[in-house]
Amino acid sequence: METAYLNGEFLPKNEIRISPDDRGFLFADGIYEVVRWYEGFFFDMASHMMRLKRSMSEIRISWTDADTFPFVAQELITLNILQDRPALVYLQVTRGAAKRTHAFPSTEVKPTVYAFAKGFRPDSETMASGIGVILRKDIRWSRCDIKSVSLLPNVLSFQEARDLGNYECIFVRDGLITEGAHSNVFFVIKGVLYTHPESENVLSGVTRKNVLRIAREAGINVREIAVPESRITELDEAFITNTSSEVAPIVSIDNKSVGNGNPGLVTKLLQEKFVAEIRALKG
Ligand code: PDD
């Protein structure tokens with residue numbers, strides 16, 4: 001029996017009910033966060049908490065108990081007996097339930113706070129051999145820095161990638177490569193590591209931030225500059241980052257090989273260093 005969290009209570013998941021007037025359902029008026037459980041600890045919970053609070057403040061949702069989230073997440077791991085398994089904890093926060101009108105509720109409404117944990121099996125074979133991606137127009141809104149639950153463009157683009165046998169869809173906006181449907185993207189050209197700078201066009205990935213730090217510590221030349229789509233033929237290496245996949249090498253874009261068609265050396269180095277950091281944290 002799965003246990004989830006709703007508005008202060010841990011409940012059997014199949015007993016949880018959310019109002020049809022919830023603004024998350026009616027308007028996608030909410031944000032979310034995802035943290036990775038590494039069989040003993042959550043990786044960089046502090047950065048996830050900072051992003052959670054920023055997302056809420058940008059859309060003016062006030063969840064006054066936000067600081068309880070690390071405890072809620074830990075409890076969900078325990079209650080669902082996931083302590084010894086790789087798992088993800090999702091948190092969804094919406095503006096709550098109110099009579100339908102675009103404006104925020106005029107009387108004070110409590111946000112709806114829902115969290116659940118799910119075990120998953122990291123696909124180490126795919127992460128070693130690399131992934132294929134497709135490149136498509138960025139059809140999202142102009143505030144991709146907010147981790148909004150309004151993910152329809154991401155869902156449609158990701159599904160197209162999957163329908164074509166690929167792992168991810170990478171977006172292009174005004175000729176510049178931004179990020180993936182559920183990941184940040186990095187490129188290596190002539191030994192220099194590139195990724196889109198933090199801006200309203202990309203999510204500030206927690207994995208992105210840590211990979212940039214690891215790369216700088218390793219003495220890699222890093223430039224937070226967007227790569228134009230026109231330079232795609234010059235790529236020596238490419239990879240995506242996110243909480244569940246960590247560092248995933250890209251070996252093809254729209255069925256054309258990246259570099260020699262195998263995960264690149266810089267990518268593999270960063271993958272190894274990321275995994276080593278996790279191992280060290282496990283102690
Ligand atoms: N997605 N960009 C987008 C659009 C994302 O949805 C994500 C994460 C990232 C990477 O962020 P982080 O490194 O903090 O996971 C970048 C998560 C995994 C998800 O939606 O499930």
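Everything here concerns the structure above.
Computed from a predicted structure; not experimentally measured.

**Some points on the site of the ligand**
Link 1 in the chain: In the region of the ligand, 19 residues are neighbours, and Tyr32, Arg51, Glu179, Thr207 and Thr243 sit closest.
Link 2 in the chain: Between the ligand and Thr243, the relevant distance is 2.5 Å, taken from an oxygen atom to a side-chain nitrogen or oxygen of the residue.
Link 3 in the chain: Secondary-structure elements contributing two or more residues to the shell around the ligand are strand 3 (30-38), strand 8 (176-180), helix 6 (206-217) and strand 12 (237-242).
Link 4 in the chain: In terms of residue class, the shell around the ligand is built from six nonpolar, nine polar and four charged.
Link 5 in the chain: Formed jointly, the shell around the ligand draws a minimum of three residues from each of two domains, domain 1 (3-119) and domain 2 (124-282).

**Notes on the nonpolar core**
Link 1 in the chain: If you look at the biggest cluster of nonpolar residues, it comprises 27 residues, and the most contacted ones within it are Trp63, Phe69 and Val89.
Link 2 in the chain: The set of elements that each furnish at least two residues to this core consists of strand 3, helix 2 (45-58), helix 3 (69-79), strand 4 (86-94) and strand 5 (112-119).
Link 3 in the chain: The element best represented in this core is helix 3, accounting for five residues.
Link 4 in the chain: Core analysis: the next-biggest nonpolar cluster, separate from the first, contains 21 residues, Val133, Tyr194, Val227 and Ala238 among them.

**A look at a nonpolar patch on the surface**
Link 1 in the chain: A surface patch of nonpolar side chains, about 300 Å² in accessible area, is lined by Leu152, Val155 and Leu156.
Link 2 in the chain: Counting through the fold element by element, Leu152 comes out in helix 5 (residues 152-163).

**Remarks on the layout of surface pockets**
Link 1 in the chain: Taken as a whole, the second largest pocket spans an internal volume of roughly 490 Å³.
Link 2 in the chain: Residues that form the lining of the second largest pocket fall into these classes: eight nonpolar, seven polar and five charged.

**What to know about empty space enclosed by the protein**
Link 1 in the chain: Inspection of every chain in the model, using the stated rule, returns one cavity of 30 Å³ or more.
Link 2 in the chain: Computed from the structure, the largest cavity encloses a volume of approximately 40 Å³.
Link 3 in the chain: The wall of the largest cavity is formed by Arg36, Tyr38, Phe43, His48, Val206, Thr207, Thr243 and Phe274.
Link 4 in the chain: When contributions to the lining of the largest cavity are tallied by element, the ones reaching two or more residues are strand 3 and helix 6.
Link 5 in the chain: Looking at side-chain class alone, the lining of the largest cavity contains four nonpolar, three polar and one charged residues.
Link 6 in the chain: Taken domain by domain, the makeup of the lining of the largest cavity includes at least three residues from each of domain 1 (3-119) and domain 2 (124-282).

**A word on the packing of helix 6 against helix 7 (residues 265-282)**
Link 1 in the chain: Contact geometry of helix 6 with helix 7 gives a least axis separation of 10 Å together with a crossing angle of 105 degrees. Our classification of the angle between helix 6 and helix 7 gives roughly perpendicular. Counting all contacts with helix 6, which are made through Thr207, Asn210, Val211, Arg213, Ile214 and Ala215, the residues of helix 7 involved are Leu270, Lys273, Phe274 and Glu277.
Link 2 in the chain: In terms of residue class, the contact of helix 6 with helix 7 is made up of five nonpolar, two polar and three charged.

**Focus: the packing of aromatic side chains**
Link 1 in the chain: Inspection of the entire model under this criterion finds eight aromatic pairs.
Link 2 in the chain: Note on Tyr38 and Phe41: the rings are 5.8 Å apart at their centroids and 20 degrees apart in plane angle, and the pair reads as stacked.
Link 3 in the chain: Take Tyr38: its relative accessible area is 3%, and that puts it in the buried class.
Link 4 in the chain: Residue Phe41 is classed as buried on the basis of its relative accessible area, which comes to 16%.
Link 5 in the chain: Each ring, one from Tyr38 and one from Phe43, has its centre 6.2 Å from the other, and the planes form 80 degrees; the classification is edge-to-face.
Link 6 in the chain: On the basis of relative accessibility, which here comes to 9%, the residue Phe43 falls in the buried class.
Link 7 in the chain: Every member of this aromatic cluster is reached through a ring pair, and the members are Tyr38, Phe41, Phe43 and Phe274.
Link 8 in the chain: The lysine or arginine in question, Lys13, covers the ring of Phe116, its NZ or CZ lying 4.9 Å from the ring centre.

**Considering the environment of Ile61**
Link 1 in the chain: Looking at the secondary structure, you find Ile61 in the loop between helix 2 and helix 3.
Link 2 in the chain: Residue class for Ile61 comes out buried when judged on its relative accessible area of 8%.
Link 3 in the chain: Through-space distance from the C-alpha of Ile61 to that of Thr94 is 7.6 Å; in sequence the pair is 33 residues apart.
Link 4 in the chain: Once residues within four sequence positions are removed from consideration, Ile61 is found in contact with Asp29, Gly30, Met56, Val93, Thr94, Arg95 and Pro111.

**Some thoughts on the pattern of salt bridges**
Link 1 in the chain: In this structure the tally under the stated criterion is 22 salt bridges.
Link 2 in the chain: Among the ionic pairs, Glu33 bridges to Arg51, the shortest N-O distance being 2.6 Å. In this pair, Glu33 sits in strand 3 while Arg51 sits in helix 2, placing the two residues 18 residues apart along the sequence.
Link 3 in the chain: On the accessibility criterion, Glu33 (1% relative accessible area) is buried.

Cut-offs and rules
- Residues numbered from 1 in each chain as written.
- Predicted model: local features only at pLDDT ≥ 70, side-chain atom pairs only at ≥ 80, totals over all residues.
- Heavy atoms only, no water.
- Near = heavy atom within 4 Å.
- Polar contact = N/O pair within 3.5 Å; in protein donor to acceptor, adjacent residues only side chain to side chain.
- Helix = DSSP H or I, 4+ residues; strand = E, 2+ residues; numbered from the N terminus.
- Nonpolar A, V, L, I, M, F, W, Y, C, P; charged D, E, K, R; others polar.
- Domains from an automatic or database assignment.
- Core = buried A, V, L, I, M, F, W, Y, C linked by side-chain atoms within 4.5 Å.
- Buried < 20%, exposed > 50% of the residue type's maximum accessible area, 1.4 Å probe, protein only.
- Patch = residues over 30% accessible without salt bridge, like charges linked within 9 Å, V, L, I, M, F, W, Y side chains within 5 Å.
- Areas by Shrake-Rupley, 256 points an atom, 1.4 Å probe, with all protein chains shown as cover.
- Salt bridge = Lys/Arg side-chain N within 4 Å of Asp/Glu carboxyl O.
- 1 Å grid on protein atoms, 1.4 Å probe; cavity = no way out; pocket = protein on both sides within 12 Å on 5 of 7 lines; lining within 4 Å.
- Points joined across faces, edges and corners; volume = space filled by probe spheres on them.
- Axes fitted to C-alpha atoms, helices over the stretch in contact; angles between N-to-C directions.
- Parallel < 35°, antiparallel > 145°, perpendicular 65-115°, else oblique.
- Contact = heavy atoms within 4.5 Å.
- Phe/Tyr/Trp six-rings, centres within 6.5 Å; stacked < 30°, edge-to-face > 60°.
- Lys NZ or Arg CZ within 6 Å of the ring centre and 35° of its normal.

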